[in-house]
Amino acid sequence: MKSIYTLILFLLTLQWVAAQTVRVVDAGSGEPLEYVTIFDPESGANAATDERGQADISAFKGATSIEFQRLGYSSLRLSYFDLERNDFLVKMEAWAVSL
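All values reported here derive from a predicted model rather than from experimental measurement.

A. View of the sheet that holds strand E3 (residues 46-48). The sheet built from four strands is open, its strands ordered E3-E2-E5-E6 with antiparallel pairing. Looking at strand neighbours, the two that pair on one side only are E3 and strand E6 (76-78), the edges of this open sheet. Each strand of the sheet is rotated relative to its neighbour by a mean of 20°, with strand direction disregarded. One ladder, built from three bridges, connects strand E2 (residues 37-39) with strand E5 (residues 66-69); its direction is antiparallel. Within the sheet, the bridge partner assigned to Ile38 lies in E5 and is Phe68.

As structure tokens, this is what we get:
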């Protein structure tokens, strides 16, 4: 029975280690951005950020063009290498609105 618990714990740890999370925030305030869509046009992989501004991007590993989009913000296009260089933190700029 102990070996089953050890195996389950190992598998959960392995899944956690294999997952890569990106965090998307507002460039001005640093607040997390929910509902940011993340898309790789080459592979068709997609994801969306949660209420903490986080999304699992394990499926994007090695991608050369990852698009980040959210209404009210300027879209970004980054490579997976760019994300690694920035410690998987993406800062999005809000659109300037003038009436």
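B. Up close: the sheet that holds strand E7 (residues 89-92). A sheet is described by the order of its strands in space; here three strands give the open sequence E4-E1-E7, paired in mixed fashion. Of all the strands in the sheet, the pair left with one neighbour each is strand E4 (54-56) and E7. The mean inter-strand angle of the sheet, taken between neighbouring strand axes irrespective of direction, is 25°.

C. Quick peek at the side chain of Asp26. Examined against the element boundaries, Asp26 turns out to sit in strand E1 (residues 21-26). At 6.7 Å, Arg70 is the nearest oppositely charged side chain to Asp26, a buried residue that forms no salt bridge. At a separation of 2.7 Å, a polar atom in the side chain of Asp26 contacts the side chain of Tyr73. Among residues more than four places away in sequence, those in contact with Asp26 are Glu31, Leu33, Tyr73, Met92 and Ala94.

D. Seen up close, a nonpolar patch on the surface. Where nonpolar side chains cluster on the molecular surface, the patch consists of Leu71, Trp95 and Val97 and spans about 410 Å² of accessible area. By the secondary structure assignment, Leu71 is in the loop between E5 and E6. Residue class for Leu71 comes out exposed when judged on its relative accessible area of 74%.

E. Structural context of the pairing of E7. Of the two faces of E7, only the one carrying Val90 and Met92 is buried; Leu89 and Lys91 on the other face are not. In this sheet, E7 lies alongside E1 in parallel orientation, the contact comprising four bridges. From the neighbouring strand, Val25 faces E7, where its bridge partner is Lys91.

Rules used throughout
Residues numbered from 1 in each chain as written. Predicted model: local features only at pLDDT ≥ 70, side-chain atom pairs only at ≥ 80, totals over all residues. Heavy atoms only, no water. Pairing = 2+ DSSP bridges. Helix = DSSP H or I, 4+ residues; strand = E, 2+ residues; numbered from the N terminus. Axes fitted to C-alpha atoms, helices over the stretch in contact; angles between N-to-C directions. Buried < 20%, exposed > 50% of the residue type's maximum accessible area, 1.4 Å probe, protein only. Lys, Arg positive; Asp, Glu negative; His and termini not counted. Salt bridge = Lys/Arg side-chain N within 4 Å of Asp/Glu carboxyl O. Polar contact = N/O pair within 3.5 Å; in protein donor to acceptor, adjacent residues only side chain to side chain. Contact = heavy atoms within 4.5 Å. Patch = residues over 30% accessible without salt bridge, like charges linked within 9 Å, V, L, I, M, F, W, Y side chains within 5 Å. Areas by Shrake-Rupley, 256 points an atom, 1.4 Å probe, with all protein chains shown as cover.

Functional significance is not addressed by these values, which are geometric in nature.
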